[in-house]
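Structural features, examined
For reference, the chains in residue letters:
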Amino acid sequence: MIPYGRQSISTSDIDAVVEVLKSDFLTQGPVVPKFEKKIADYCGAQYAVAVSSATAALHLLCLSMGLGPGKRLWTSPITFVASANCALYCGAEVDFVDIDPISYNICPKSLEEKLEVASSLGKLPNILVAVHYAGQSCNMQSLFQLSKKYGFSIIEDASHAIGAEYKNKKVGCCEYSAATVFSFHPVKIMTTAEGGMVVTNNDQIARKVEMLRTHGITRNSMDFINRESKPGWYYEQITLGYNYRMTDLQAALGISQFDRIEEFLSNRLRIVSNYNKLLSVMDIRLPSISEDLRSAHHLYPIWVDRGFNFNDRDELYLKLRNDGIGVQVHYIPVHTQPYYRNMGFQWGDFPTAERFFSGTLSLPLYNDLTEVEQNNVIHSLKNAYGLA
Ligand SMILES: *Cc1c(COP(=O)(O)O)cnc(C)c1O
């Protein structure tokens, strides 16, 4: 089965991890800050804090930005559940904003309408998680303007979008947000096996996330509650944190993968351009990337209705699967998950997200996808449309 996504591991990746295995530190040691510096510099952000996953990054960001009971977080329904779950971890409420039918990102107009209603009810959100779906940045300027007008903060969930650009700047520079999150899960652009990163220009947020990732403990005398001078072994737990650290093994893999990021991005772009060219003759809605953006091309979501040999998305899914093509659905709208339906959400709440969901399939897209494999995908699709 050709998967929809997978990692690309080189011998230098393997060597980098083995080198750490032979060193003094396996868990958080000297390699983690090196990895953090590389990512911060690449994004043009002041601070980067590595954690055990993007889910952990979202959780700690919500906490460090004051989310808690009585507060609200809004996000897109077309995302992985983690973008919403982070609010529930903090005891806050979640709501969603419908997507734009072209970019599949949060629709600024729907957001504005919802904000007006929320404002009159006194139920404005505290945080908006802007998900850069499939690797394409949200319309950050519009979201930013609304955040100023209505007084909420923005977290960019860039789990799909390391290397993407918005208005000629890297996603992660945080020009229009409080902080940005990356995921290094194996299906993403680059991997550390499990792993995530917070980038921000806000030193308070960076320091809080650093403390929260390691039990709420600090060894920095500037942060101590007890101010009299202390011996070197002294540390203080000053808040309730977690064990969300990244290991040096993961960071070494991250640095080695990061050295290939331009290769990863250009191979993804090449595969996407090939799909665009070879599928353009077919009755399929292809992903559309706005002219002023550079997508990281994490996913290639097509939007299908019906074709010669299939009546709906699920029949096409089975046909492709039977041909060994591991297509996937990104995503089941989060509000329709049983856990969220128990909170009162229903089918019909976010119609554009639901329409997109009912027709979408993500085609295989990853660094090591060969031309032969890609041609198999296209042949199988053409077959389903009665064109091969
Ligand atoms: C993968 C993903 C996450 C979670 O990433 P982990 O590193 O697996 O925790 C969060 N949000 C989005 C949009 C994702 O795709």
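For the structure given in this document, a descriptive report is provided here. (Residues numbered from 1 in each chain as written. Predicted model: local features only at pLDDT ≥ 70, side-chain atom pairs only at ≥ 80, totals over all residues. Heavy atoms only, no water.)

1. Things to note about the overall build of the chain
What counts, and what does not: Put simply, DSSP H or I for four residues or longer makes a helix, DSSP E for two residues or longer makes a strand, and each gets a number counted from the N terminus. It is over C-alpha atoms that the radius of gyration is taken, and the globule rule equals 2.2 Å times the number of residues to the power 0.38. Each residue's exposure class comes from its accessible area (1.4 Å probe, protein chains only) as a fraction of the maximum for that residue type: buried when under 20%, exposed when over 50%, partly exposed otherwise. We call two residues in contact when some of their heavy atoms are within 4.5 Å. With residues, only the protein chains shown are counted as cover, and all accessible areas are computed by Shrake-Rupley using a 1.4 Å probe. When charges are counted, neither His nor the chain ends are considered; positive counts come from Lys and Arg and negative counts from Asp and Glu. To locate a charge, take atom NZ for lysine, CZ for arginine, CG for aspartate or CD for glutamate.
Helices and strands together make up the secondary structure of the chain, namely 13 helices and 14 strands. Taken over C-alpha atoms, the radius of gyration comes to 22 Å for the chain, in line with the 21 Å a tight globule of 388 residues would show. For the chain, the spread of C-alpha atoms along the principal axes amounts to about 80 × 60 × 40 Å. Residues classed as buried in the chain amount to 55% of the 388 residues present. Contacts spanning at least 24 positions in sequence make up 72% of the contacts within the chain whose residues lie at least 6 apart. Accessible surface, the chain: about 17100 Å² in total, of which carbon and sulfur atoms supply 50%. Positive and negative charge centroids in the chain, built from 36 and 40 side chains respectively, lie 2 Å apart.

2. A few points about the nonpolar core
The condition that has to hold: Only buried residues count toward a nonpolar core, which is a set of Ala, Val, Leu, Ile, Met, Phe, Trp, Tyr and Cys residues joined through side-chain atoms within 4.5 Å.
In terms of nonpolar packing, the biggest core is built from 48 residues, with L61, L67, L73, I78, F96, Y133 and I155 touching the most fellow members. The greatest single-element share of this core, amounting to 7 residues, is contributed by helix 3 (residues 54-64). If we skip the residues at most four places from it in the chain, L67 touches C62, R72, L73, A87, C90, A92, N126 and I127. Among the nonpolar cores identified, the runner-up in size contains 33 residues, and C43, A48, A164 and V199 belong to it.

3. Quick word on the pairing of strand 5 (residues 153-157)
The line we're drawing: Whether a crossover is right-handed comes down to one check: with the strands pointing away from the viewer, does the path from the first strand over the helix to the second run clockwise; if it does, it is right-handed. Note on pairing: DSSP must find at least two bridges between two strands before they are called paired.
In terms of residue burial, strand 5 counts as a mostly covered element, since 4 of its 5 residues are buried. Handedness of the crossover is the feature at issue here: the chain leaves strand 4 (residues 127-131), passes through helix 6 (residues 140-150), returns alongside strand 5, and the resulting connection is right-handed. Examined bridge by bridge, strand 5 and strand 8 (residues 179-183) share 3 bridges and lie parallel to one another. Each residue of the ladder has a partner; that of I155, found in strand 8, is A179.

4. Digging into the site of the ligand
Selection rule: Definition of nearness: a residue and a molecule or strand are near each other if at least one heavy atom of the residue lies within 4 Å of the molecule or strand. Polar contact is defined as a pair of N or O atoms within 3.5 Å, subject to the rule that within protein one atom must be able to donate a hydrogen and the other to accept it, and that residues adjacent in sequence are counted only when both atoms are side-chain atoms. Classification used: nonpolar for Ala, Val, Leu, Ile, Met, Phe, Trp, Tyr, Cys and Pro, charged for Asp, Glu, Lys and Arg, polar for all others including Gly.
Taken together, 15 residues sit near the ligand, with T55, D157, H160, S183 and K188 positioned nearest. Within the side chain of S183, a nitrogen or oxygen atom sits 2.8 Å from an oxygen atom of the ligand. Separating an oxygen atom of the ligand from a side-chain N or O atom of Y331 is a distance of 3.2 Å. Calculation on the ligand without its partners gives an accessible area of 380 Å², and the protein chains cover 93% of this total. Of all the secondary structure elements, the ones that give two or more residues to the shell around the ligand are helix 3 and helix 4 (82-89). Residue composition of the shell around the ligand, grouped by class: 5 nonpolar, 8 polar and 2 charged.

5. Notes on the sheet that holds strand 6 (residues 165-166)
Within the open sheet, the 3 strands sit side by side as 7-6-12. Their pairing is antiparallel. The open sheet terminates on both sides in strands that have one partner only, identified here as strand 7 (169-170) and strand 12 (293-294). Bridge count for strand 6 against strand 12 is 2 bridges, and the pairing is antiparallel. Note that in strand 12 the partner of Y166 across the bridge is L293.

6. Regarding the packing of aromatic side chains
The geometry of two aromatic rings is summed up by the distance between their centres and the angle between their planes. Note the threshold: Pairing of aromatic rings covers Phe, Tyr and Trp, the last through its six-membered ring, and needs centres within 6.5 Å; plane angles under 30 degrees mean stacked, over 60 mean edge-to-face, and all others mean tilted. A ring is considered to have a charge above it if a Lys NZ or an Arg CZ atom is located within 6 Å of its centre and within 35 degrees of its normal.
Across all of its chains, the model carries 21 aromatic pairs by this definition. A ring pair is formed by F96 and Y340, whose centres lie 5.8 Å apart and whose planes are at 70°; its orientation type is edge-to-face. With F96 in strand 3 (residues 93-96) and Y340 in helix 11 (residues 338-341), this pair connects stretches of sequence that are 244 residues apart. Among the aromatic residues, ring-to-ring pairing joins F96, Y339, Y340, F345 and F350 into one connected group. Note that R285 overlies the ring of W303, its terminal NZ or CZ placed 4.2 Å from the centroid. Between the NZ or CZ atom of R313 and the centre of the ring of F357, over which it lies, the distance is 5.0 Å.

7. With respect to the sheet that holds strand 3
This is how the line gets drawn: Lines fitted to C-alpha atoms define the axes here, with helix axes fitted over just the stretch in contact, and angles between the N-to-C directions of these axes take values from 0 to 180 degrees.
Pairing in this open sheet of 7 strands is mixed, and the strands run 1-9-8-5-4-2-3 from one edge to the other. Each of the sheet's edge strands pairs with one partner strand only, and the pair in question is strand 1 (47-51) and strand 3. Sheet twist, expressed as the mean angle between neighbouring strand axes with direction ignored, is 20°. Bridge count for strand 4 against strand 5 is 5 bridges, and the pairing is parallel. Note that in strand 5 the partner of V129 across the bridge is I155. Relative to the sheet, helix 6 contacts strand 4 and strand 5, its axis offset from that of strand 5 by approximately 155°. Together, strand 1 and strand 9 (196-200) form the strand contacts of helix 7 (residues 203-212), whose direction differs from that of strand 1 by roughly 20°.

8. A few points about helix 9 (residues 261-279)
We apply this condition: Multiply 1.5 Å by the residue count of a helix minus one, and that product is the helix's expected span.
With 19 residues, helix 9 extends 27 Å from end C-alpha to end C-alpha; this agrees with the ideal 27 Å at 1.5 Å per step. Listing the buried residues of helix 9 in full gives I261, F264, L265, N267, R268, I271, V272, N274, Y275 and L279.

9. A word on the side chain of R260
Within the element layout of this structure, R260 appears in the loop between helix 8 (248-258) and helix 9. By relative accessible area, R260 is classed as buried at 14%. The residues contacting R260, other than those within four sequence positions of it, are S8, I9, S10, D13 and N367.

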